[in-house]
Amino acid sequence: MIKLYHTKIGEKWFATAIENDKIVASTFASKKEVVLRKLLLQIPFEIPFKLESNLSEHAKRVLDALYAIYNGKEIKLDFKFEMKHLSPYTAKALKILTKVPVGYVTTYGALAKVAGGSPRAIGRAMASNPVVLLIPCHRVVKSDLSIGGYGPGIHEKWKILQKEKRGYKKPKEIMVHGKRLMLYPVEMVKPVRKRKK
């Protein structure tokens, strides 16, 4: 049984789906009905679920973590994720992505060099990320350091990245699975054009 939890913190609604203390999905939105719909789309259709009216301690920690990450805070993640519903490639790409720290981004191409496959395959894996924010697909950008796509919208992605700036000046490499993963300071990401009113 998957248990669904949601709450409003600040201006946003945050939601998570948990099965046996493992996080199956997480999301955020400006409206309650939108956040619940998005969460339902992320959970496996063949597993029964229940919308909980009260937050468990574990769910409260997850929702607080989502809020903190959304606001650019650096937190220690000690959560377990339920990945059995994902393809092995997507699970591998998402696991590698967890190594990208706050203040940096990587590119679809750089991630593909470590995970295997193509930048396009990485893009599909990021679009399949059921655990938004907790696994930071918002930290993956195009090779020219323009913003790329994001399920909740590129303006949300830009807003989150702006909160993650740490004043880093230079790109760096980290070793993941014996391969080099290139990281770039958030400050190097190209701005998103403002929406026309």
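Please refer to the structure placed before this passage.
The shown structure was predicted, so the numbers you read here are calculated from the model rather than taken from an experiment. (Residues numbered from 1 in each chain as written. Predicted model: local features only at pLDDT ≥ 70, side-chain atom pairs only at ≥ 80, totals over all residues. Heavy atoms only, no water.)

Participant: Any details on the packing of helix 4 (residues 108-115) against helix 5 (residues 119-127)? Residues and values, ideally.
Facilitator: The N-to-C vectors of helix 4 and helix 5 enclose an angle of 95°; their axes lie 8 Å apart at closest approach. Taken together, the axes of helix 4 and helix 5 are roughly perpendicular relative to one another. Facing helix 4, whose interface residues are Tyr-108, Gly-109, Leu-111, Ala-112 and Ala-115, helix 5 presents Pro-119, Ile-122, Gly-123 and Met-126. Broken down by class, the residue content of the contact of helix 4 with helix 5 amounts to 7 nonpolar, 2 polar and no charged. (Axes fitted to C-alpha atoms, helices over the stretch in contact; angles between N-to-C directions. Helix = DSSP H or I, 4+ residues; strand = E, 2+ residues; numbered from the N terminus. Parallel < 35°, antiparallel > 145°, perpendicular 65-115°, else oblique. Contact = heavy atoms within 4.5 Å. Nonpolar A, V, L, I, M, F, W, Y, C, P; charged D, E, K, R; others polar.)

Participant: How would you explain the nonpolar core if you had to name every residue and give the values?
Facilitator: Membership of the largest hydrophobic core comes to 46 residues, with the highest contact counts inside it found for Met-126, Leu-133, Leu-134 and Leu-181. The element contributing the most residues to this core is helix 2 (residues 57-70), with 7 residues. Apart from the residues lying within four places of it in its own chain, the contact partners of Leu-133 are Phe-14, Phe-28, Leu-66, Ile-69, Tyr-70, His-138, Tyr-150 and Ile-160. Grouped together as the second largest cluster of nonpolar side chains are 13 residues, Trp-13, Ala-25, Leu-36 and Leu-39 included. (Core = buried A, V, L, I, M, F, W, Y, C linked by side-chain atoms within 4.5 Å. Buried < 20%, exposed > 50% of the residue type's maximum accessible area, 1.4 Å probe, protein only.)

Participant: Give a detailed account of the sheet that holds strand 6 (residues 104-107), specifying residues and quantitative values.
Facilitator: As summarised here, the arrangement of the 4 strands in space is 7-6-9-8, forming an open sheet in which the pairing is mixed. Both outer strands of the open sheet, strand 7 (140-141) and strand 8 (172-176), are each paired with one neighbouring strand and no more. Pairing of strand 6 with strand 9 (residues 179-185), which is carried by 2 bridges, proceeds in the antiparallel orientation. Among the inter-strand pairings, Tyr-104 is bridged to a residue of strand 9, identified as Pro-185. (Pairing = 2+ DSSP bridges.)

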